[in-house]
Amino acid sequence: MAHGDLIILNGTSSGGKSTTIKALQALLEKPYMHSGPDHFLHAYHPKLFIWRDGDQPMAFDGWLITVQDSKMVDAEIGSGGRQILTGVYQAIATLVAAGVNVIVEDVLWDKEVLQTAVSILHPYNPLFVGLRCSLATAERREVERGDRFPGGATTFFDRVHAHTVYDLEIDTEQHSAEACAEMIKAAVENGRLRTALKQLNTSYFAANKDNL
C-alpha cells in the first residue's frame, strides 16, 4: 500500500501556520489531516508545563517555561517531553504509512527535537515548508489572537529557522493565507523536489553534531 502524502509547515508561534493549513485543506482535492505536536499536547494536563518567574532553577520532566514581566522569555524540554515528542512523530509516521495524507503544523525550535522529527519523518518524502514573517508581525498576531501566552513569537523567532533548509519558503506577511495555500498546492501538484529533510538527515546534523 502506498503511503500518504506528508506536508510539514514550520514557523514561529503566530507565524500564520494554522490559517494557511485551513486554506490549504480547502484547496487540495484529497483530504488531509491537520496534525502536529500541539494537537497531542492538548490532551495532557497543564501540569506537564512548569512555569517559573526568575532565575531559580527548577526540576522538570516535561516543559519548563521561563516568564519575566508576564511574558515568556525562554523554554526548555525535559526528557519526558522529548519522549512524548518522539511518540508524536512516530504516530504521524504511522498515519502516513497507513495511507493518510497529513499536514503537520510545527515550531521546530529545539535542535534535538528537529533531529528526532527528521530521522522519523524523512523516509516519507515530506514537503518541508518554512513560513516566515517579521517579528513585529508575529508579535501583533499573537496579541490579536488572544489565545496564546505572550512572548512565544519572540522566544522562538530566532531559533525556528536556524537550520535554514527547506523545500519551499513563503512570507506570510506579504501573502494572504489563501495565497500561501495556493503556492503550497502548486508545489504538491507540480512535483516540486522534496529534498530538505533528506539533506538535514544526511548532512546538517553531521556538520552540527557538536552544537546539538
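Before reading on, note that the structure itself is shown above.
The rules behind the values
- Residues numbered from 1 in each chain as written.
- Predicted model: local features only at pLDDT ≥ 70, side-chain atom pairs only at ≥ 80, totals over all residues.
- Heavy atoms only, no water.
- Helix = DSSP H or I, 4+ residues; strand = E, 2+ residues; numbered from the N terminus.
- Expected span 1.5 Å × (residues − 1).
- Buried < 20%, exposed > 50% of the residue type's maximum accessible area, 1.4 Å probe, protein only.
- Axes fitted to C-alpha atoms, helices over the stretch in contact; angles between N-to-C directions.
- Parallel < 35°, antiparallel > 145°, perpendicular 65-115°, else oblique.
- Left-handed = near helix turned anticlockwise from the far one by under 90°.
- Contact = heavy atoms within 4.5 Å.
- Nonpolar A, V, L, I, M, F, W, Y, C, P; charged D, E, K, R; others polar.
- Salt bridge = Lys/Arg side-chain N within 4 Å of Asp/Glu carboxyl O.
- Lys, Arg positive; Asp, Glu negative; His and termini not counted.
- Polar contact = N/O pair within 3.5 Å; in protein donor to acceptor, adjacent residues only side chain to side chain.
- Pairing = 2+ DSSP bridges.
- Core = buried A, V, L, I, M, F, W, Y, C linked by side-chain atoms within 4.5 Å.
- 1 Å grid on protein atoms, 1.4 Å probe; cavity = no way out; pocket = protein on both sides within 12 Å on 5 of 7 lines; lining within 4 Å.
- Points joined across faces, edges and corners; volume = space filled by probe spheres on them.

For the rest of this paragraph, the subject is helix 3 (residues 79–97). Compared with an ideal rise of 1.5 Å per residue, which puts 19 residues at 27 Å, helix 3 spans 27 Å between its outermost C-alpha atoms and is within 8% of the ideal. Among the residues making up helix 3, those that are buried are Gly80, Gly81, Ile84, Leu85, Val88, Tyr89, Ile92, Ala93 and Val96. The first or second residue beyond helix 3 is glycine 99, which carries a positive phi of 100°.

Contact geometry for helix 3 and helix 4 (residues 111–121): axes closest at 9 Å, N-to-C directions at 25°. Between helix 3 and helix 4, the interaxial angle falls into the category roughly parallel. The two elements helix 3 and helix 4 cross, and the hand of that crossing is right-handed. Contacts between helix 3 and helix 4 involve Arg82, Leu85, Thr86, Tyr89, Gln90, Ile92 and Ala93 from the former and Glu112, Val113, Thr116, Ala117, Ile120 and Leu121 from the latter. Split by residue class, the contact of helix 3 with helix 4 holds eight nonpolar, three polar and two charged.

Now for the pattern of salt bridges. Going through the model one piece at a time under the given rule, you end up with eight salt bridges. Close ionic contact of aspartate 110 with arginine 82 constitutes a salt bridge, the shortest N to O distance being 2.8 Å. Note that aspartate 110 is positioned in the loop between strand 6 (102–106) and helix 4 and arginine 82 in helix 3, a separation of 28 residues in sequence. Ionic contacts of the salt-bridge type, sharing partners, join the residues Arg82, Asp110 and Glu112 into one network.

In this section: the side chain of glutamate 142. With respect to the helices and strands, glutamate 142 occurs in helix 5 (residues 135–145). In this structure, glutamate 142 is buried with no salt-bridge partner, the nearest side chain bearing the opposite charge being lysine 71 at 6.5 Å. In terms of polar contacts, glutamate 142 uses its side chain to reach the backbone amide nitrogen of glycine 151, at 3.0 Å. Not counting residues up to four positions away in its chain, the partners in contact with glutamate 142 are Ser14, Arg148, Phe149, Pro150, Gly151, Gly152 and Ala153.

Once that is clear, we can look at helix 1 (residues 17–27). Turning to helix 1, its buried residues number three or more, namely Lys17, Ser18, Thr20, Ile21, Ala23 and Leu24. The secondary structure elements touched by the buried residues of helix 1 are strand 1 (6–10), strand 2 (33–35), strand 6, strand 7 (127–132) and helix 7 (177–189).

Most of strand 6 sits inside the fold, with five of its five residues counted as buried. Residues Val102, Val104 and Asp106 of strand 6 are buried on one face, and the alternating residues Ile103 and Glu105, pointing to the opposite face, are buried as well. Taken together, the five bridges between strand 1 and strand 6 define a ladder with parallel strand orientation. By the bridge assignment, leucine 6 is partnered in strand 6 with valine 102. One ladder, built from three bridges, connects strand 2 with strand 6; its direction is parallel. Within the sheet, the bridge partner assigned to histidine 34 lies in strand 6 and is isoleucine 103.

A word on the sheet that holds strand 1. With respect to topology, five strands assemble into an open sheet ordered 2-6-1-7-8, the strand pairing being parallel. Looking at which strands have only one partner, the edges of the open sheet turn out to be strand 2 and strand 8 (168–171). The mean inter-strand angle of the sheet, taken between neighbouring strand axes irrespective of direction, is 20°. Contacting strand 1, strand 2 and strand 6, helix 3 runs over the sheet at an angle of about 160° to strand 6. On top of the sheet, helix 7 reaches strand 1, strand 7 and strand 8; it is set at about 165° to strand 8, its chief contact.

Once that is clear, we can look at the nonpolar core. Among the nonpolar cores identified, the biggest contains 35 residues, and Leu6, Trp63, Tyr89, Ile92, Leu121 and Phe128 are the most heavily contacted of them. At the level of elements, strand 1, strand 4 (63–68), strand 5 (71–77), helix 3, strand 6, helix 4 and helix 8 (196–207) are the ones that each hand at least two residues to this core. Once residues lying within four places of it in the same chain are set aside, the contact partners of tyrosine 89 are Pro37, Asp106, Leu108, Val113, Thr116, Ala117, Ile120 and Leu121. Listed in part, the 17 residues of the second largest apolar core include Ala23, Leu131, Ile184 and Ala187.

On to empty space enclosed by the protein, then. A complete count under the given rule lists one cavity of 30 Å³ or more for this structure. By volume, the largest cavity is sized at about 40 Å³. Taken together, Ile8, Tyr89, Asp106, Leu108, Leu114, Ala117, Val118, Leu121, Phe128 and Leu197 form the lining of the largest cavity. Here the element with the most residues in the lining of the largest cavity is helix 4; it accounts for four residues. Tallied by class, residues from the lining of the largest cavity come to nine nonpolar, no polar and one charged.

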